[in-house]
Amino acid sequence: MSIRPIWNKPSLITDWRDEEQEERDTHWTLLFYDLLIVAGVSAISEPFMDVDEDSSSEGLGTQLVPIKHLVSDAIFRFLMIILPWVSQNEYTSVFQDESLAGHIFFFVHLFGIAITAAGCVGGFTEVENYTNLGRGIVVARLGLILQHIRPYIYIPQSRGHCILRCMQQVVIILSTLWSLSWINSLGTFKCLLLFILAWDLLSFPMTLLFKIERMRIHVAAYADRCKELTIIIFGEAIFSVTLKPKLLNSSSENYYIALIMTLWTIFAFALNEFHLLPYPDDHALRRSILFALCWNYTTLVKTVLLLGVSIGIKRVHYLVWAGQNFVDDDTQTILFYGISFSLLSVVLVRSYSFGWGKNSESDDPKLAMLKMGWWFSVSMIALSPCFVDILLVQSYDKVTPLDMLKTTSVLLTILVFVEAFLSVSAASMMGVKLESGHNYLVGSIAERSNTSTYGAVDT
């Protein structure tokens with residue numbers, strides 16, 4: 001019979017002496033965490049789905065509100081949920097704590113995230129909305145501090161790391177409490193959120209500045225959790241477009257066409273992101289400090305862009321349900337440019353592990369050309385939604401919602417097949433076969449480093 005220890009010693013997941021890191025499955029507590037992220041994304045997206053009463057009264061049909069005044073609020077609120085998620089992901093990739101005390105401290109952090117998600121409901125029109133979000137920030141950061149106390153006590157080599165992370169959260173808690181005591185305007189509250197954002201972003205290289213002993217993360221577990229945000233964010237969009245009741249004047253045929261196009265677009269995007277993987281030793285998080293920082297920052301930008309894509313998808317579907325024959329400029333921009341820059345960020349994230357198209361000296365000239373063509377083709381296809389919006393969509397006064405969904409699904413289909421063709425061609429040219437059940441080999445053909453294992457990189 002298994003037991004649940006009340007206060008056992010936490011342990012390090014990896015050790016500096018380990019050459020190989022065992023595979024780790026996502027813990028059920030982190031899946032529980034993901035539900036709160038979905039709730040937060042849903043709350044943040046809701047204001048973008050409001051109907052523009054002015055356009056409806058002018059006889060223009062059902063139109064959604066302009067989004068320019070909503071974007072900055074949405075980004076700030078989203079990051080107030082995601083940045084603690086990143087810190088928690090770091091913690092669970094370094095330490096393992098299955099004690100009851102550890103789970104209780106984790107629950108405190110979860111409760112803070114739930115309050116933060118609740119504070120994202122509606123707009124920042126009342127002071128009470130600011131305070132709700134601020135209280136969530138305080139409780140969530142307090143939970144992170146509590147979790148780091150036990151590793152500080154029982155794992156001596158982690159004390160510098162734990163002190164640094166606790167001080168990071170203490171600064172945020174104190175600044176939030178100080179601001180909530182006198183805050184009286186949206187502008188003042190945004191200054192607080194901007195400070196928290198900057199402070200969290202600076203926390204990534206803090207261990208370098210203070211020259212403390214760096215704690216090794218479980219690279220695969222950390223990276224997989226970051227990529228799972230793609231499914232979490234798109235999962236909320238799938239839930240919305242699948243289960244939200246259709247309006248009376250929408251045709252059944254259009255609904256199913258829109259649904260299959262949307263599902264394929266999301267599936268193809270995930271297929272592109274999860275398909276090609278670097279060798280574990282070549283991952284950006286293990287190559288160097290510079291590559292690790294670039295990987296973290298670009299992944300964070302990609303996550304924000306995915307939120308925009310999710311909102312754009314839901315806005316297009318709303319117009320399909322409403323029977324509209326054209327899409328407003330804001331929806332076109334957020335969907336096309338969101339997809340384009342999200343795909344481009346995936347290319348950048350991959351390049352930190354594979355290199356930027358630099359060919360090995362031993363490469364056959366044809367293989368070198370294929371590698372360069374690989375990066376060029378993928379980058380151009382990633383930018384193609386922008387080209388479509390500029391060259392085609394802007395040339396017409398009206399673009400139907402279904403045409404937008406068809407365009408995105410076609411572009412993602414081209415990307416998936418082009419990359420599959422190039423990867424198979426490269427593998428065939430090198431006379432190698434893909435390992436059963438893995439994409440490591442073909443992935444690293446895109447640009448595998450000639451050097452051996454890189455040093456482990458801190459979080």
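The shown structure was predicted, so the numbers you read here are calculated from the model rather than taken from an experiment. (Residues numbered from 1 in each chain as written. Predicted model: local features only at pLDDT ≥ 70, side-chain atom pairs only at ≥ 80, totals over all residues. Heavy atoms only, no water.)

**Details of the overall build of the chain**
- Along the chain, the regular secondary structure elements total 16 helices and two strands.
- Split into buried and exposed, the 459 residues of the chain put 54% on the buried side.
- Counting only contacts in the chain whose residues sit at least 6 apart along the sequence, the fraction spanning at least 24 positions is 84%.
- Of the roughly 20,900 Å² of accessible surface on the chain, a fraction of 66% belongs to carbon and sulfur atoms. (Helix = DSSP H or I, 4+ residues; strand = E, 2+ residues; numbered from the N terminus. Buried < 20%, exposed > 50% of the residue type's maximum accessible area, 1.4 Å probe, protein only. Contact = heavy atoms within 4.5 Å. Areas by Shrake-Rupley, 256 points an atom, 1.4 Å probe, with all protein chains shown as cover.)

**Quick notes on the packing of helix H1 (residues 28–45) against helix H4 (residues 100–119)**
- Interaxial distance between H1 and H4 falls to 9 Å at its minimum, and their mutual angle equals 10 degrees. Taken together, the axis directions place H1 and H4 in an arrangement best described as roughly parallel. In this structure, H1 contributes Trp-28, Thr-29, Leu-30, Phe-32, Tyr-33, Leu-36, Gly-40 and Ala-43 to the contact, and H4 contributes His-103, Phe-106, His-109, Leu-110, Ile-113, Ala-114 and Ala-117.
- Looking at the contact of H1 with H4 residue by residue, the class counts come to eleven nonpolar, four polar and no charged. (Axes fitted to C-alpha atoms, helices over the stretch in contact; angles between N-to-C directions. Parallel < 35°, antiparallel > 145°, perpendicular 65-115°, else oblique. Nonpolar A, V, L, I, M, F, W, Y, C, P; charged D, E, K, R; others polar.)

**Concerning the pattern of salt bridges**
- Under the definition given, this model contains ten salt bridges.
- For Asp-73, the salt bridge identified is with Lys-190, shortest N-O distance 3.0 Å. Of this pair, Asp-73 sits in helix H3 (residues 68–94) while Lys-190 sits in helix H7 (residues 186–203), placing them 117 residues apart in sequence.
- In this structure Asp-73 comes out as buried when scored by relative accessible area, which is 10%. (Salt bridge = Lys/Arg side-chain N within 4 Å of Asp/Glu carboxyl O.)

**Brief notes about the nonpolar core**
- With 105 residues, the main nonpolar core has Ile-37, Leu-285 and Trp-295 as its most contacted residues.
- For this core, the element with the highest residue contribution is helix H12 (residues 289–321), accounting for 15 residues. (Core = buried A, V, L, I, M, F, W, Y, C linked by side-chain atoms within 4.5 Å.)

**Some thoughts on the packing of helix H9 (residues 219–243) against H12**
- Between H9 and H12, the least distance of the axes is 9 Å, while the angle of their chain directions is 10 degrees. By the angle class used here, H9 and H12 are roughly parallel.
- A per-class count over the contact of H9 with H12 returns 14 nonpolar, seven polar and three charged.

**Overview of the packing of aromatic side chains**
- Scanning the entire structure with this criterion turns up seven aromatic pairs.
- Both rings, one in Phe-234 and one in Phe-269, keep their centres 5.6 Å apart while their planes meet at 85 degrees; by these two values the pair is edge-to-face. Residue Phe-234 is located in helix H9, and its partner Phe-269 is located in helix H10 (residues 252–275); the two are separated by 35 residues in the primary sequence. Exposure class is identical for Phe-234 and Phe-269. Each is buried.
- Lying over the aromatic face of Tyr-152, Arg-159 brings its terminal NZ or CZ to 5.5 Å of the ring centre. (Phe/Tyr/Trp six-rings, centres within 6.5 Å; stacked < 30°, edge-to-face > 60°. Lys NZ or Arg CZ within 6 Å of the ring centre and 35° of its normal.)

**Regarding H3**
- Over its 27 residues, H3 runs 40 Å from end to end, which matches the ideal 39 Å to within 8%, given 1.5 Å per residue.
- In the structure, H3 departs most strongly from a straight axis at Leu-79, where the bend amounts to approximately 25 degrees. (Expected span 1.5 Å × (residues − 1). Bend = angle between axes of the 7 residues up to and from the residue.)

**Here's the deal with the environment of Lys-314**
- With respect to the element layout, Lys-314 can be found in helix H12.
- Lys-314 sits 268 residues away from Glu-46 along the chain, and the two C-alpha atoms are 9.9 Å apart.

**What to know about H1**
- The end-to-end C-alpha distance of H1, which contains 18 residues, comes to 26 Å, matching closely the 26 Å that a straight helix rising 1.5 Å per residue would cover.
- Residues of H1 that are buried in the fold lie against H3, H4, H9 and H12.

**Brief notes about a nonpolar patch on the surface**
- A cluster of nonpolar side chains, Ile-6, Trp-7, Leu-100, Ile-104, Ile-149, Tyr-152, Ile-153, Ile-163 and Met-167, forms an exposed patch at the surface whose accessible area comes to about 850 Å².
- Of all the secondary structure elements, the ones that give two or more residues to the nonpolar patch are H4, helix H5 (127–154) and helix H6 (159–180).
- It is H5 that contributes the most residues to the nonpolar patch, three residues altogether.
- Inspection of the secondary structure assignment puts Ile-104 in helix H4. (Patch = residues over 30% accessible without salt bridge, like charges linked within 9 Å, V, L, I, M, F, W, Y side chains within 5 Å.)

**A few points about the environment of Leu-344**
- Relative to the elements of secondary structure, Leu-344 occurs in helix H13 (residues 329–354).
- Considering only alpha carbons, one finds Leu-344 and Ala-382, 38 residues apart in sequence, at a separation of 5.4 Å.
- Once residues lying within four places of it in the same chain are set aside, the contact partners of Leu-344 are Ala-382 and Leu-383.

**Some details on the environment of Arg-287**
- Assignment of secondary structure puts Arg-287 in helix H11 (residues 284–287).
- Judged by relative accessible area, Arg-287 falls into the buried class, the value being 13%.

**What to know about the side chain of Thr-116**
- Mapped onto the elements, Thr-116 comes out in helix H4.
- Among the polar contacts listed, one links the side chain of Thr-116 to the backbone oxygen of Gly-136, at a separation of 3.3 Å.
- Not counting residues within four places of it along the chain, the set of residues in contact with Thr-116 comprises Met-80, Ile-81, Leu-133, Gly-136 and Ile-137. (Polar contact = N/O pair within 3.5 Å; in protein donor to acceptor, adjacent residues only side chain to side chain.)

**Looking at the confidence of the model for the chain**
- Here the chain averages 79 in pLDDT, while 77% of its residues score no lower than 70.
- Per-element mean pLDDT across the chain ranges from 45 in helix H16 (residues 440–445) up to 92 in H4.
- Overall, residues 433–438 carries pLDDT values under 50, and its contacts beyond four positions in sequence, including any with other chains, amount to five contacts. (pLDDT = per-residue confidence, 0-100.)

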